[in-house]
Structure formats: C-alpha cells, structure tokens
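Structure at a glance
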Amino acid sequence: MKIPFVRPFLGEDEIKAVTEALRNGNIHGDGPIGKKVEAKLKVLFGSKHALLATSGTHALEMALMALKIMPGDEVILPSFTFASTANAVMLQGARPVFAEIDLETLNIDPRDIEKKITKKTKAIIPVHYGGIGCRMDEIMYLAKKNNIYVVEDAAQGVDAKYKGRYLGTIGDVGCYSFHETKNITCGEGGALMTDDDDVKRRAEIIREKGTNRSAFLRGEVDKYTWIDKGSSYVNSDILSAVLDVQLDRVKEITVRRRKIYDYYNEALKDLAEAERIYLPEIPPECEHNGHIFYFRLRTEKERYHYLAELKKRGIGATFHYIPLHSSPYGREVLGYKAEDLPVTELVSKTLIRLPLYPQMTDREIEYIVDNVRNVIGVL
C-alpha cells in the first residue's frame, strides 16, 4: 500500500466552478467570485473584514506593511514555524526575535514572550501550530500592556477556535493559508482578516500595487492612482472559484479530519502511556481542526529510524520544521545558536507527522496505525 502524506480534497464541484469562471471571463483578481468568497469568510469566521491574497505568505507581508512595521523594530515569533513568518518581518527591515515554544502544544510560550519584549518590540506573531490555538488571553494581555500589535499566523488554523473564537480573528490581524497542504485549499492562496478599518484600508491599497483601485471600483473616487507602497497580492478569480466550493465544505472537512485525528490518538494511547511516544495535548479551551497529527519520540536517532521504516511500508510520514533560529540564515545572519531555544530544538529533532486528509479510507488509517505499532513495538 502507498499512502502519501497529503492529498488535496478536490472534486467535480471545484472543476465545475473553475470552468464556469473561465467561461464567464472572471479570471482577474478582486473580481465577483473573490468578493463572494471574502463575504463568505467574514460570515463563517466572524471578522469585519476579509481580503484575499495570493498566499498565506503574502497575507503576512500585507499585515506587517499595513501595521507599519519599520526598520529597527522587533517582532516576537516562534522559531518553530515556516520561513514565511520570519520573512514577512525581514522584508520590512525589522528583526525577528525568536521565543520558545511549550512541549504540550508546540505553540509559542507567553512566558518567554514576556522576557523578550523590549522598547523596540512592535508586534507578536503567535503561530497556531496544527490548528491548536495559542494561549491568546495571555498574549493579548501582554500586547495591550506593552502597546504592541498581535498578528495571528493562522495558516494552519482555518475553522479552529480558542475559547469559542475562530483563530485568525482574535488579534489585530489574522492570516490564513489556502495552500495545497492546508485543510481548505485553492492550490495557492491566503486571506487577511481584521476588524480594524484603518488596517483594512491600508492592506487594500498595498495588495493593489499601492493604488486606490479598490476605492475607484466602488465609485468612491473618479480615478485611481499610486498613493503608497504596495505589491500585487490580489488572488485570481479562478483560484477564488475553487475556494468558494471548498468553504462550503469546511465543516465536513473539519469533522472528517478530526475523526481521523481521534482514531490515531486513541489507537496510539498505550504507546504514550508506556512512554515510547509523546502524544499532542489539546487544551480544553481549544477546538482544533485536525490539521496535523503528530507524535514525538525520545531521540532524533529513533525518529529517523522509524521514519525510514514507515517509508519502506509505503507510508508518507514526515518530520516538520528545521527551527529558524538554528537554520543557516538564523545562525549566520541573525546570530542565533541552536542552544538558545532548547525546547524548540528537542521538538524539531523528535517529531513525526502521519498522513491525514479527508479521503483516507478506514483501511489506510488502520494500515498506518498497525505499522506504527509494529515499527515502534507492540506492547
């Protein structure tokens, strides 16, 4: 049996939607389908504003530009994240300040955030790993106390909640990703979510190449022109057509992914009780979206051995991030050392992710569990 790590959950409805968009000539960005999707995002997740972008990366870049993060500023974020989170900071000329994560959720630790806040700190970027919410109450308290922004990297957090509120709608700005690997996808795409009218206005200008084209299209000005710095971050209506269908299936997708997650978790519980593996913890205030199922092992040597064995059996298990602080750029340019964040290093060296996507069959899931148990050792 061959089971890939991920497989996009797409069907005939998505194909039909793209075909209709092409026939109607709606292939440009910020078109009628994109507007429809933005309205749908606002209703689904309870945000005042939603702006589609060409990727989650670009949503983060738009967010930091709209918040006027400048050279010399500092932004606190976890090292255990994708490079896009830090790149959005670097592109503004600001400095990423890496904070430690906690072992229970692999999310940024508010206690370390507090230690890293200085007079130069302008923002915090909590990354909701695997769709499990960060400790947002503590993070928002620190932000308010120190008059700094919160930009949620909710790339993995679509349709997940913290204390009843959707991830991506708690901070000043939230950023979603609709990449192929995410729960909801259009291949490449993202969205910026905010309740702040000024942030929305600035982000709208930024994504339209620094022009007030959106205001022109609404009839608010008689012509549009260059008024600020910007880039081309507007998502095509072809991709928006796929996203439109996907959003109609978001609850179905979340339910199925959580069912698979729960099966893995229950089936491997005895290995965790014997301390052969360490399973993730879902805090009671969090409603996750089943984006990732992972477990940790005791050593890096074990991790690579077990990954190789699972690969031999056709299972597309994998690891996750090389920490940004100990990456070549983090060490050589930013001056970090691996030992600066020991928990992050430990997690990075011992984590395994299992395949998880809605169309997995029960037989495939059982095959994966049986082989994990055989490889690690049946009790």
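See the structure above.
Below is a summary of the structure that appears in this document. (Residues numbered from 1 in each chain as written. Predicted model: local features only at pLDDT ≥ 70, side-chain atom pairs only at ≥ 80, totals over all residues. Heavy atoms only, no water.)

1. Some details on the overall build of the protein chain
Spelled out, the test is: Only DSSP runs of H or I reaching four residues or more are called helices, and only runs of E reaching two or more are called strands; each is numbered from the N terminus. Using C-alpha atoms as the atom set, the radius of gyration is obtained and then compared with a globule rule of 2.2 Å times the number of residues to the power 0.38. For every residue, the accessible area obtained with a 1.4 Å probe (protein chains only) is divided by the maximum for its type, and the residue is called buried under 20%, exposed over 50%, and partly exposed between those limits. Accessibility throughout is a Shrake-Rupley quantity obtained with a 1.4 Å probe, and a residue counts as covered only by protein chains that appear here.
What the protein chain contains, in helices and strands, is 15 helices and 12 strands. The C-alpha radius of gyration computed for the protein chain amounts to 21 Å, which stays within 12% of the reference 21 Å derived for 379 residues, consistent with globular compactness. For the protein chain, the residues scored as buried account for 58% of the 379 residues in total. Summing over all exposed atoms, the protein chain offers an accessible surface of approximately 16500 Å²; the carbon and sulfur share of this is 52%.

2. Focus on helix α12 (residues 300-312)
We apply this condition: Here, expected helix span is obtained from the residue count minus one, scaled by 1.5 Å. The directions considered for the arc are those from the helix axis to the C-beta atoms. The contact rule is simple, with two residues in contact once any of their heavy atoms fall within 4.5 Å.
In this model α12 runs 19 Å from its N-terminal to its C-terminal C-alpha over 13 residues, within 8% of the 18 Å that 1.5 Å per residue would give. Listed in full, the buried residues belonging to α12 are Glu302, Arg303, Tyr306, Leu307, Glu309 and Leu310. Each buried residue of α12 lies within a common arc of 165° when the element is viewed along its axis, so the set occupies one face. Counted as exposed and oriented over 90 degrees from the buried face of α12: Lys301, Lys311 and Lys312. Looking at the buried side of α12, the elements it contacts are α14 (342-350), β12 (351-354) and α15 (362-376). Once α12 finishes, glycine 314 follows within two positions and takes phi at roughly 80°, a positive value.

3. So, the nonpolar core
Keep this limit in mind: Among the buried residues, those of types Ala, Val, Leu, Ile, Met, Phe, Trp, Tyr and Cys that are joined through side-chain atoms within 4.5 Å form a nonpolar core.
Counting 78 residues, the largest nonpolar core has Leu41, Ile113, Val151, Tyr176 and Phe178 as the members making the most contacts within it. It is helix α3 (residues 56-66) that provides the largest number of residues to this core, a total of 7 residues. Excluding its chain neighbours within four sequence positions, the residues that come into contact with leucine 41 are Gly46, Ala50, Leu52, Phe178, Ala191, Met193 and Leu247.

4. A word on the packing of aromatic side chains
The test is simple: Aromatic contacts are taken between Phe, Tyr and Trp rings whose centres are within 6.5 Å, Trp giving its six-membered ring; a plane angle under 30 degrees counts as stacked, one over 60 as edge-to-face, and the others as tilted. Look at NZ for Lys and CZ for Arg. If either is within 6 Å of the ring centre and within 35 degrees of the ring normal, a charge sits over the ring.
Applying the stated criterion across every chain yields a total of 11 aromatic pairs. Relative to tyrosine 224, the ring of phenylalanine 216 lies with its centre 5.4 Å away and its plane at 50°, an arrangement referred to as tilted. In textbook terms, an aromatic cluster arises when at least three aromatic residues are bridged by ring pairs, as seen for Phe80, Tyr129, Tyr294 and Tyr321. Over the ring of phenylalanine 9 we find arginine 249; its NZ or CZ atom is 4.3 Å from the centre of that ring. Note that arginine 303 overlies the ring of tyrosine 304, its terminal NZ or CZ placed 4.6 Å from the centroid.

5. Brief notes about the pattern of salt bridges
The cut-off we apply is this: By definition here, a salt bridge exists when the distance from a side-chain nitrogen of Lys or Arg to a carboxyl oxygen of Asp or Glu is within 4 Å.
All chains considered together, the criterion is met by 32 salt bridges. The partner of arginine 135 in a salt bridge is aspartate 102, and the shortest N-O contact between them spans 3.8 Å. With a gap of 33 residues between them, arginine 135 in the loop between β4 (121-124) and α6 (136-146) and aspartate 102 in the loop between β3 (95-99) and α5 (110-116) connect regions that are remote in the sequence. A relative accessible area of 7% places aspartate 102 in the buried class. One network of salt bridges, in which partners are shared, links Asp102, Asp109, Arg111, Arg135 and Glu138.

6. So, the pairing of strand β2 (residues 74-78)
As a reminder, the rule being used: Pairs of strands are assigned from DSSP output, requiring at least two bridges between the strands. A clockwise course of the path from the first strand over the helix to the second, judged with the strands pointing away from the viewer, identifies a crossover as right-handed.
Within β2, 5 of the 5 residues are buried, which leaves it mostly tucked inside the rest of the structure. Covered by surrounding structure in β2 are Glu74, Ile76 and Pro78 together with Val75 and Leu77, the residues of both alternating faces. With 5 bridges joining them, β2 and β3 adopt parallel strand pairing. When the sheet's bridge partners are listed, valine 75 is paired in β3 with proline 96. The β-α-β motif built from β2, the intervening helix α4 (residues 83-90) and the parallel element β3 has right-handed crossover chirality. Here β2 pairs with β4 via 3 bridges, running parallel. What sits directly across from valine 75, in β4, is alanine 123.

In short, the description is geometric, and any link to function would need to be established separately.
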